[in-house]
Amino acid sequence: MNSETLLNVKNLSVEYQTDDLTVKAVNNVNLSIGKKQTLGLVGETGAGKTTLALSILRLLPKGIGNVTGGTVEFEGRNLLDVKEGDMLAYRGKQISMIFQDPMTSLNPVIPVGKQVAEVLKLHNDGHMTKEQIEARVDEMFRLVGIPPERKSEYPHQFSGGMKQRVVIAMALSCEPELLIADEPTTALDVTIQAQVLNMMNELKKKLGTSMILITHDLGIVSQNCEKVAVMYAGSIIESGTAEEIFTKDEHHPYTVGLFGSIPDLNKVTDRLSPIDGLMPDPMDLPDGCVFHPRCPKCMEICKTKVPETVSLGGEHLVKCHLFGG
Ligand code: SF4
């Protein structure tokens, strides 16, 4: 495993603030990703995964979303200290993001090829000629499996899977060092999902890109990631290498619950075991361990004391009173 660190998020906290409400969306999160690695960020809807991704790129809604603590070091530089005008050198060029629904990333009235060309124009400070840009657009279309002749067509002329391929071509056209893919295949059917993920993995290898793959699907993580971080109610409650998460027996009760909700074709069971209860309201997080109202192993201490993050050896970290001390 490559250990050279590309991104290091330390003690990051994010709040959304309205006139009379404060929502703690991300609480004291630590995670790191090495060059050429893929990190799977897993958790249910509302866990804070997208907020964490948006804060890395400083794309939180202005005036509402605020980083209240921590650092986001990219290649050793804290992005939270970079002037807004200088963030253009990072966004799209060094760090790209793919969103869940390709229609939110594509302009419906501009041909898809022109949209990929725009990204290249914006991030190359006039260093590429028109011909070079066109050649690069064609190359990107070929890489994502779309015939370049289709670049003059509009988004509505493409299927969901093909639109997502265009978005991936846009995101990778400047060969970013880090790609953040936020549920990139959730809007697609299962067969297309597998095709798009395979294609992303191949491109990642070819271009040497690192990736944060945000998903609620542990099956996708097991097949695509070297590192895993499990997020719950704004906190990372377990993290480690994919091998540690998928082969070791010791896990946070929430991760055990996530595993229990994956179908296993080798075991005959009548039903899957869903995790009881709902994610807590981020405006009213429970005291102690945030998972305690849903935890089948809850002890008295869990209701009042926030657990420390403890090491279970190697890179495996767990935030739970069942371990350590
Ligand atoms: Fe369950 Fe307690 Fe561990 Fe929280 S700290 S996950 S409530 S056992």
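Analysis parameters
- Residue positions are given per chain, counting from 1 as you read along its sequence in written order.
- Whole-chain, interface and lining totals are the exception, using all residues; otherwise, since this is a predicted model, local features are given only for residues with pLDDT of at least 70 and side-chain atom pairs are given and counted only at 80 or more.
- Heavy atoms from the whole structure form the basis of all side-chain values; hydrogens and water molecules are not counted.
- We define the nonpolar core as a collection of buried residues of types Ala, Val, Leu, Ile, Met, Phe, Trp, Tyr and Cys that are connected through side-chain atoms lying within 4.5 Å of one another.
- Throughout this description, buried means an accessible area under 20% of the type-specific maximum (1.4 Å probe, protein chains only), exposed means over 50%, and partly exposed covers the range between.
- Working definition: helices are DSSP H or I runs of at least four residues, strands are E runs of at least two. Numbering for both runs from the N terminus.
- Note on definitions: a residue-residue contact is assigned when non-hydrogen atoms from the two residues lie within 4.5 Å.
- Pairing of aromatic rings covers Phe, Tyr and Trp, the last through its six-membered ring, and needs centres within 6.5 Å; plane angles under 30 degrees mean stacked, over 60 mean edge-to-face, and all others mean tilted.
- Note on definitions: the grid is 1 Å and covers protein atoms alone; a cavity is a set of points where a 1.4 Å probe fits but cannot get out; a pocket is an open set with protein on both sides within 12 Å along at least five of seven lines; lining residues have an atom within 4 Å of a point.
- Grid points are joined across faces, edges and corners, and a volume is the space filled by probe spheres set on the points.
- Polar here means any residue outside two lists: the nonpolar Ala, Val, Leu, Ile, Met, Phe, Trp, Tyr, Cys and Pro, and the charged Asp, Glu, Lys and Arg; Gly therefore counts as polar.
- Near residues are defined by distance, with any heavy atom within 4 Å of the molecule or strand qualifying the residue.
- Those molecules having more than half of their atoms within 2 Å of a cavity or pocket grid point set are described as sitting in that cavity or pocket.
- Any two strands with at least two DSSP-identified bridges between them are counted as paired.
- Interaxial angles span 0 to 180 degrees and are taken between N-to-C directions of axes, which are lines fitted to C-alpha atoms, for helices over the stretch in contact.

(A) Layout of the nonpolar core. Core analysis: the largest hydrophobic core is formed by 91 residues, its most contacted members being Ile-180 and Ile-212. Among the elements that line this core, the one with the most residues is helix α5 (residues 160–172), at eight residues. Excluding anything up to four places from it in sequence, Ile-180 contacts Ala-53, Ile-56, Leu-57, Ile-95, Ser-96, Met-97, Ile-98, Ile-212 and Ile-214. Core analysis: the next-biggest nonpolar cluster, separate from the first, contains five residues, Val-310, Leu-312, Cys-320 and Phe-323 among them.

(B) Up close: the packing of aromatic side chains. Under the defined criterion, the tally for this structure stands at five aromatic pairs. Ring geometry for Tyr-232 against Tyr-254: centres 4.6 Å apart, planes inclined by 55 degrees, an arrangement best described as tilted. With a gap of 22 residues between them, Tyr-232 in strand β9 (residues 227–232) and Tyr-254 in helix α9 (residues 253–260) connect regions that are remote in the sequence. Since its relative accessible area comes to 0%, Tyr-254 is described here as buried. Relative to Phe-291, the ring of Tyr-232 lies with its centre 5.1 Å away and its plane at 85 degrees, an arrangement referred to as edge-to-face. With Tyr-232 in strand β9 and Phe-291 in the loop between α9 and β11 (309–311), this pair connects stretches of sequence that are 59 residues apart. Here a set of aromatic residues connected by ring pairs shows up, and it is made of Tyr-232, Tyr-254 and Phe-291.

(C) Structural detail: empty space enclosed by the protein. Per the stated rule, a full pass over the model turns up one cavity of 30 Å³ or more. The space that makes up the largest cavity amounts to roughly 60 Å³. As for the largest cavity, its lining consists of His-252, Pro-253, Cys-289, Phe-291, Cys-295, Lys-297, Cys-298, Cys-302, Cys-320, His-321 and Leu-322. Partitioned by chemical class, the residues of the lining of the largest cavity number eight nonpolar, two polar and one charged.

(D) The arrangement of the environment of Val-318 in detail. With respect to the helices, strands and loops of the structure, Val-318 is situated in strand β12 (residues 317–319). Using a relative accessible area of 0% as the deciding quantity, one classes Val-318 as buried. Between the alpha carbons of Val-318 and Glu-308 there is a distance of 8.3 Å; along the sequence they are 10 residues apart. The contact partners of Val-318, leaving out residues within four places of it in the chain, are Ile-237, Glu-238, His-252, Glu-308, Thr-309, Val-310, Leu-312 and Phe-323.

(E) Structural context of the site of the ligand. Around the ligand lies a shell formed by His-252, Pro-253, Cys-289, Phe-291, His-292, Cys-295, Lys-297, Cys-302, Cys-320, His-321 and Leu-322. More than half of the atoms belonging to the ligand lie within 2 Å of the grid points that define the largest cavity. Grouping the constituent residues of the shell around the ligand by class yields seven nonpolar, three polar and one charged.

(F) Representation of the sheet that holds strand β6 (residues 95–98). Judged by pairing direction, the sheet is mixed, and its eight strands sit side by side in the order β6-β7-β8-β3-β9-β10-β12-β11 without closing on themselves. The open sheet has two edge strands with one neighbour each: β6 and β11. Taken over all neighbouring pairs, the strand axes of this sheet differ in orientation by 20 degrees on average, direction set aside. As paired strands, strand β3 (residues 38–42) and β9 are joined by four bridges and run parallel to one another. Paired with Leu-41 across the strands is Ala-229, a residue of β9.

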